[in-house]
Amino acid sequence: MPRPLTPDDFIPVEAAQAKLGQLLFYDRILSGNQNIACSTCHHPDLGTGDGLSLGIGEGGVGLGPQRKPGTGEDRIRKRIPRNAPGLWNLGARDLSVMFHDGRLSVANTYENGFNSPAEERLPDGLDNLLAAQAVFPLVAQFEMAGNPKENEVAGAVHDRIDYAWPILTDRVRHNADYAAMFADTYPHIKASADITIADIANALSAFMIAEWTSFDTPFDAYLAGDTSAMTSIQVDGMDLFYGAAGCSDCHSGPLMTDQEFHALGLPPFGPGRTRQWDPMVRDVGHMGESNRLEDAYAFRTPMLRNVALTAPYGHNGAYPTLEGIVRHHVNPAEALEAWTPKQAALPEVPWLAAVDFAVWQDSREMARQRAAAIQVTPILQDTEVAAIVAFLEALTGEKAMTGHLGIPTRVPSGLPVDGRISD
């Protein structure tokens, strides 16, 4: 059993920085074509995800499961290769690795404090790991940057990743409201010219930490001594989770993750994240970062606070329910064979249909993926699976759905804001 989480486990942030970050998070000004915001794929009404197995990024229209792939020249060119992860507790001091494949981590590989896809070109002045993470969706072609020849941000990324960040920074600098807020919020900023992409990323991280730090769950109350905080079936599930079922072998510690990588044999689909010169559509997971064969098809163990809000599940959103992903852990090989494409939440994109499940036609690749999968837990009875699911539902925080700052009614750019899903 882990110790309870406390505020000391998280990076402190100032209210003014969080408020500034809130506006940036919901502002489309940070995308290449100014048509998508961070909130589009990480929406509070969808547990800080998008409700899709594989997201529809730049070029799409709408929110959540109703998001469409666009039309004409503006339509999407590719699905986002992996599921949009939840943003809960990403300001934890002990967190050292991010992204499903771990391609961003705390390290001194490039003498800037991080090992990242930007290598030595990562901007200086980033406050923390979450701030470092925040700069990458902005310059990802299919997420927020757009396609080459569509806008100057995408064109710059095509040349070199760090050429794009100053262009986005200039947009913010030349907005009078943002310039004034940055000067009021950060002592080192005296004029708009002093704003950097690191300042923007730091503000984004401050907002995400303030908004989505969550440990006010029944489980946390139970850990703190309130034995009445969970129901009897939730307690039974907790006992299995930390006992015979072996879930805590990987979902360990106060954050409920070992921050390691494991191959679970999840059903593959979508464009994958292929390595350079990869001759096939596939996703090799952490091996793409480490170049070690033993890391093939392994993905980072996710944290579990508010997991009941973040469906679908898995690095590619293969399972629509908690029960489905739990049962996969019980017997990955059997679950892989029983899985059907209907379980994937993939809005119809006719021009990408040939790619969506192409990997299943490659018998050798599927054999490699099956061979890499490990059996995580012993066989469980239906009642035991139900108890574990009930325990996972006890990991939902009281303020998880309401947040603290919420969704702004307007942003300084004047661009449309992603409102409530129900609106």
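Preceding block: the structure.
Attention in this report is confined to the structure presented alongside it. Just so we're clear, the structure is a prediction, and the values are computed from it rather than from any experiment.

1. As for the packing of helix 1 (residues 15-25) against helix 7 (residues 176-185)
Item 1. At their nearest, the axes of helix 1 and helix 7 sit 10 Å apart, and the two run at 155° to each other. The angle between the axes of helix 1 and helix 7 places the two elements in the roughly antiparallel class. Handedness of the crossing formed by helix 1 with helix 7: left-handed. Here Ala16, Gln17, Leu20, Leu23 and Leu24 of helix 1 lie close against helix 7, whose contacting residues are Tyr178, Met181, Phe182 and Thr185.
Item 2. A per-class count over the contact of helix 1 with helix 7 returns seven nonpolar, two polar and no charged.

2. Section: helix 6 (residues 165-173)
What sets the pattern is the α-helix's 3.6 residues per turn: residues three or four places apart point alike.
Item 1. For helix 6, the set of buried residues is Trp165, Ile167, Leu168, Thr169, Arg171 and Val172.
Item 2. Where the residues of helix 6 are buried, they touch helix 1, helix 5 (152-159), helix 7 and helix 8 (197-212).

3. Here's the deal with the packing of helix 10 (residues 232-241) against helix 16 (residues 382-393)
Item 1. At a minimum axis distance of 7 Å, the contact between helix 10 and helix 16 shows a crossing angle of 100°. In terms of orientation, helix 10 and helix 16 fall into the roughly perpendicular class. Touching Ile233, Gln234, Asp236, Gly237, Met238, Leu240 and Phe241 of helix 10 are Glu384, Ala386, Ala387, Ile388, Ala390, Phe391 and Leu392, all from helix 16.
Item 2. Taken together, the residues of the contact of helix 10 with helix 16 sort by class into ten nonpolar, two polar and two charged.

4. Remarks on the environment of Ile209
Item 1. One can find Ile209 in helix 8.
Item 2. Given the relative accessible area of 4%, Ile209 is considered buried.
Item 3. With 141 residues separating them along the chain, Ile209 and Lys68 place their C-alpha atoms 30 Å apart.

5. A look at the side chain of Asp27
Item 1. Relative to the assigned elements, Asp27 resides in the loop between helix 1 and helix 2 (38-41).
Item 2. In this structure the side chain of Asp27 is engaged in a polar contact, spanning 3.0 Å, whose partner is the backbone nitrogen of Ile29.
Item 3. Excluding its chain neighbours within four sequence positions, the residues that come into contact with Asp27 are Ala37, Tyr178, Val411, Pro412, Ser413 and Leu415.

6. Notes on the packing of aromatic side chains
Item 1. As enumerated under the stated definition, the model contains 18 aromatic pairs in all.
Item 2. Note on Phe219 and Tyr242: the rings are 6.1 Å apart at their centroids and 15° apart in plane angle, and the pair reads as stacked. Of the two residues, Phe219 sits in helix 9 (residues 218-223) while Tyr242 sits in the loop between helix 10 and strand 4 (261-262), which places them 23 residues apart along the sequence. Of the two residues examined, Phe219 and Tyr242, each falls in the buried class.
Item 3. Here the aromatic rings of Tyr242 and Phe391 are separated by 6.3 Å at their centres, their planes lie at 75°, and the arrangement is edge-to-face. Of this pair, Tyr242 sits in the loop between helix 10 and strand 4 while Phe391 sits in helix 16; the two residues are 149 residues apart in sequence, bridging distant segments of the chain.
Item 4. Cation over ring: Arg103 sits above Phe99, and NZ or CZ is 4.0 Å from the ring centre.

7. Considering helix 16
Item 1. Taking 1.5 Å of rise per residue, twelve residues should cover 16 Å, and helix 16 covers 17 Å from first to last C-alpha, within 8% of that figure.
Item 2. For helix 16, the set of buried residues is Val385, Ala387, Ile388, Val389, Ala390, Phe391 and Leu392.
Item 3. In this structure, the buried side of helix 16 is in contact with helix 9, helix 10 and helix 12 (322-330).

8. Examining the pattern of salt bridges
Item 1. Enumeration over the complete set of coordinates arrives at 18 salt bridges.
Item 2. For Asp283, the salt bridge is made with Arg82, and the minimal N-O distance between the two is 2.7 Å. With Asp283 in the loop between strand 4 and helix 11 (287-290) and Arg82 in the loop between helix 2 and strand 1 (97-98), this residue pair connects regions lying 201 residues apart in the sequence.
Item 3. Across the pair Asp220 and Arg305 runs a salt bridge whose closest N-O atoms are separated by 2.8 Å. With Asp220 in helix 9 and Arg305 in the loop between strand 5 (299-300) and helix 12, this residue pair connects regions lying 85 residues apart in the sequence. Arg305 carries the same exposure label as Asp220, and that label is buried.
Item 4. Connected through salt bridges with shared partners, the residues Arg82, Asp101, Arg103 and Asp283 form a single ionic network.

9. With respect to the environment of Thr196
Item 1. Tracing the backbone through its elements, the reader meets Thr196 in the loop between helix 7 and helix 8.
Item 2. For Thr196, a relative accessible area of 33% gives the class partly exposed.

10. Some remarks on the sheet that holds strand 2 (residues 104-106)
Item 1. Across the sheet, which stays open at both edges, the three strands sit in the order 1-2-3 with antiparallel pairing between neighbours. Edge strands, defined here as strands with exactly one partner in the open sheet, are strand 1 and strand 3 (114-115).

11. Considerations on the nonpolar core
Item 1. Grouped together as the largest cluster of nonpolar side chains are 62 residues, with contacts concentrated most on Leu24 and Phe182.
Item 2. Elements represented by at least two residues in this core include exactly helix 1, helix 2, helix 3 (129-134), helix 4 (141-145), helix 5, helix 6, helix 7 and helix 8.
Item 3. Per-element tally for this core: the top contributor is helix 8, with ten residues.
Item 4. Once you skip the residues sitting within four places of it in the chain, Phe182 turns out to touch Leu20, Leu24, Val172, Ile189, Ile195, Asp199 and Ile200.
Item 5. Counting residues in each nonpolar core, the second largest holds 37 residues, with Leu223, Ala245, Cys247 and Val389 among its members.

Each value, and the rule that gives it
- Residues numbered from 1 in each chain as written.
- Predicted model: local features only at pLDDT ≥ 70, side-chain atom pairs only at ≥ 80, totals over all residues.
- Heavy atoms only, no water.
- Axes fitted to C-alpha atoms, helices over the stretch in contact; angles between N-to-C directions.
- Helix = DSSP H or I, 4+ residues; strand = E, 2+ residues; numbered from the N terminus.
- Parallel < 35°, antiparallel > 145°, perpendicular 65-115°, else oblique.
- Left-handed = near helix turned anticlockwise from the far one by under 90°.
- Contact = heavy atoms within 4.5 Å.
- Nonpolar A, V, L, I, M, F, W, Y, C, P; charged D, E, K, R; others polar.
- Buried < 20%, exposed > 50% of the residue type's maximum accessible area, 1.4 Å probe, protein only.
- Polar contact = N/O pair within 3.5 Å; in protein donor to acceptor, adjacent residues only side chain to side chain.
- Phe/Tyr/Trp six-rings, centres within 6.5 Å; stacked < 30°, edge-to-face > 60°.
- Lys NZ or Arg CZ within 6 Å of the ring centre and 35° of its normal.
- Expected span 1.5 Å × (residues − 1).
- Salt bridge = Lys/Arg side-chain N within 4 Å of Asp/Glu carboxyl O.
- Pairing = 2+ DSSP bridges.
- Core = buried A, V, L, I, M, F, W, Y, C linked by side-chain atoms within 4.5 Å.

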